[in-house]
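An overview of the molecular structure
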Amino acid sequence: MRTVLVIDDNPAVAQALALLFGLHDIRTLAAATPEQGLALLARERADLVIADMNFSADTTSGEDGTVLFRALRVQQPDLPVILLTAWTHLESAVQLVKAGAADYIGKPWDNDKLLATVENLLELAEATRERQRLQNEQRRRRERLAEQYDLRGIVFASDEMERVVELACRVARGDVRVLITGPNGAGKERIAEIVHANSSNRGGPFVAVNCGAIPSELIEAELFGAEAGAFTGAGRARTGRFETANGGTLFLDEIGNLPLAGQVKLLRVLETGQFEMLGSSRTRTAQVRVLSATNADLPVLIREGRFREDLYYRLNVIEIAVPPLADRPADILPLARHFLGDTLRLSDDAAAALLAHDWPGNVRELRNSIDRVKLLAREKIIAAAELSLPAPHRAPPQGEATRRDADHPNRDAIEASLREAGGNVSRAAHSLGLSRQALYRRMERFNLRPPGAG
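Residues numbered from 1 in each chain as written. Predicted model: local features only at pLDDT ≥ 70, side-chain atom pairs only at ≥ 80, totals over all residues. Heavy atoms only, no water.

1. Focus: the sheet that holds strand 6 (residues 178-181)
The parallel open sheet is built from five strands, whose spatial order is 7-8-11-6-12. The open sheet has two free edges, formed respectively by strand 7 (206-210) and strand 12 (318-321), since each of these has just one partner strand. When the angles between neighbouring strand axes are averaged without regard to direction, this sheet yields 20°. As defined by bridge partners, strand 7 adjoins strand 8 (residues 249-253) across five bridges and the pair is classed as parallel. Looking at the pairing, Asn210 lines up with Asp253 of strand 8. Helix 6 (residues 159-172) contacts strand 6, strand 11 (289-294) and strand 12 of the sheet and is inclined by roughly 155° relative to strand 12. (Pairing = 2+ DSSP bridges. Helix = DSSP H or I, 4+ residues; strand = E, 2+ residues; numbered from the N terminus. Axes fitted to C-alpha atoms, helices over the stretch in contact; angles between N-to-C directions. Contact = heavy atoms within 4.5 Å.)

2. With respect to the pairing of strand 8
A regular strand carries its side chains on alternate faces of the sheet. Counting buried positions along strand 8 yields five of five residues, so the element is predominantly enclosed. Residues Thr249, Phe251 and Asp253 point to one face of strand 8 and Leu250 and Leu252 to the other, with burial holding for every one of them. Strand direction decides the pairing type here: strand 8 and strand 11, joined by four bridges, are parallel. Its bridge partner being in strand 11, Leu252 is matched across the sheet by Ser292. (Buried < 20%, exposed > 50% of the residue type's maximum accessible area, 1.4 Å probe, protein only.)

3. So, helix 19 (residues 425-432)
The set of residues buried in helix 19 consists of Val425, Ser426, Ala428, Ala429 and Leu432. Down the axis, helix 19 shows its buried residues gathered within 165° of arc, on one side only. Within two residues after helix 19, Gly433 carries a phi angle of roughly 75°, on the positive side. (Arc of directions from axis to C-beta.)

4. As for the sheet that holds strand 1 (residues 3-7)
Across the sheet, five strands lie side by side as 2-1-3-4-5; this open sheet has parallel pairing. Two strands lie at the open edges of the sheet, namely strand 2 (27-31) and strand 5 (103-106), each paired on one side alone. Within the sheet, the average angular offset between the axes of one strand and its neighbour, ignoring direction, is 20°. With five bridges joining them, strand 1 and strand 2 adopt parallel strand pairing. Looking at strand 2, one finds that Ile7 is bridged to Ala31.

5. Brief notes about the packing of aromatic side chains
Going through the model one piece at a time under the given rule, you end up with five aromatic pairs. When the ring of Phe224 is compared with that of Phe242, the centres are 5.6 Å apart and the planes differ by 15°; the resulting orientation is stacked. Remark: Phe242 occurs in helix 9 (residues 241-244) and Phe224 occurs in helix 8 (residues 219-224); sequence separation between them is 18 residues. Phe242 carries the same exposure label as Phe224, and that label is buried. (Phe/Tyr/Trp six-rings, centres within 6.5 Å; stacked < 30°, edge-to-face > 60°.)

6. Section: helix 5 (residues 111-148)
Helix length check: helix 5, at 38 residues, gives a terminal C-alpha distance of 55 Å against a target of 56 Å (1.5 Å per residue), a fit within 8%. Looking at helix 5, one finds that the buried residues are Leu114, Leu115, Thr117, Val118, Glu119, Asn120, Leu121, Leu122, Ala125, Gln138, Arg142 and Leu145. The backbone nitrogen of Asp112 has a side-chain oxygen 2.9 Å away, supplied by the residue at the start of helix 5, namely Asp110. (Expected span 1.5 Å × (residues − 1). Polar contact = N/O pair within 3.5 Å; in protein donor to acceptor, adjacent residues only side chain to side chain.)

7. So, the pairing of strand 6
The side-chain alternation of strand 6 yields two buried faces, one formed by Val178 and Ile180 and the other by Leu179 and Thr181. As paired elements, strand 6 and strand 11 share four bridges and run parallel to each other. By the bridge assignment for strand 11, Thr181 is matched with Thr294. Here four bridges tie strand 6 to strand 12, and the two strands are oriented parallel to one another. Residue pairing across strands places Leu179 opposite Glu319, the latter belonging to strand 12.

8. Description of the nonpolar core
Counting residues in hydrophobic clusters, the biggest one holds 34 residues, and the most contacted among them are Leu5, Ile7, Val49, Leu83, Ile414, Leu439 and Met443. Once residues lying within four places of it in the same chain are set aside, the contact partners of Leu5 are Leu29, Ala30, Ala31, Gly37, Leu40, Leu41, Ala46, Leu48, Val49 and Ile50. Grouped together as the second largest cluster of nonpolar side chains are 28 residues, Leu250, Leu258, Leu298 and Leu301 included. (Core = buried A, V, L, I, M, F, W, Y, C linked by side-chain atoms within 4.5 Å.)

9. Some thoughts on the pattern of salt bridges
Applying the stated criterion to the full structure yields 23 salt bridges. Among the ionic pairs, Glu137 bridges to Arg133, the shortest N-O distance being 3.3 Å. With Glu137 and Arg133 both in helix 5 and four residues apart, the pair spans about one turn of that helix. Note on Arg133: relative accessible area 40%, which makes it partly exposed. A salt bridge links Arg306 to Glu304, with the nearest nitrogen and oxygen atoms 2.6 Å apart. Overall, the relative accessible area of 48% leaves Arg306 in the partly exposed class. With relative accessibility at 46%, the residue Glu304 sits in the partly exposed group. Three or more residues joined by partner-sharing salt bridges are found here, namely Glu130, Arg133, Glu137, Arg141, Arg142, Asp159 and Glu162. (Salt bridge = Lys/Arg side-chain N within 4 Å of Asp/Glu carboxyl O.)

See the structure below:
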């Protein structure tokens, strides 16, 4: 059951609040002194604290409330606290709200406004607990994943990449071919490295070949090797990548660019494990696990006659699809901070700029941007302007545009929000997309007080 702890030396206050909250299925605990309140909180769970600002006789400074608030913060840092205040110590309450208190309510209070504030904070507390539970569950899953498998230092925070990494680890130990799909720069080779690192042939070499970077007339020699004089310029014999990768893993990146002649030879190797070097009739064998990757739509290439369907099915026993960075925004800042290292830090506006960018070049583009700013940064805190990112082209997630537009709401917008929220600062801040502390700073700047305060 939802529970509120009331700490007030006036028993009538706790009784009135218990009656009000009881009508709405909210349990009330009562304490007459800060010491009793802290002791009660140590024994029982509360979702919210309502605390008076004064407990000493003939004192209206609010110092008692300040001490109590700090003690509550030490004991339970995330527990929301509403301060009961009078005009004589309103400024103390405002300062505590800036320090993290949830809200302040003036005495005598309006039942409807108080109840609305309490309901809102209880909902937020419940959402926070659920979010914390999910985060803890996610952390435990990732710790288990890191304990069981070699993740090659991959950095991720999104659920999307967690699924990709987990699938890569699971298929690694099976002797099956894997096709890794996704846009350029998304991290396909890192996923291939994870598959290799957790496979039965992890002790062998990991050999990567970018099929899109090799001229079509040289791809066969690159993969299968060539005898001296096998083609113009072949002054000496060269070992192919299949032979180099013997006992390990051969990663064929951009497999969609492999010419048809090379596809035929690759298919034979996959079927028999045998191949011939260019210019040689001697059959060779290699025990190699083949992983491949592409940013192309291979079924479309098959329909166009540019990729063999039988080779596609040989390569694609298991497909691992790596999403673009734009589809996993939770990874952007962890990656950026990883690339920055320990000496530089992102400012808030720089972090916002990174999150707003499309990242068409994915992780590779992000790393290039961070590498550039590391060379040119003049201060240890990186500003958004130093990133030299273009204006965002994609629509931000729902609510994000509102938050950015509300970064500097004017006086009229703040007054309107406070009226619509019935004077509830927490709800007004939420509607403006601001933290309570940020809204209080703006209210102080415009000399505003919530309706009914005092």
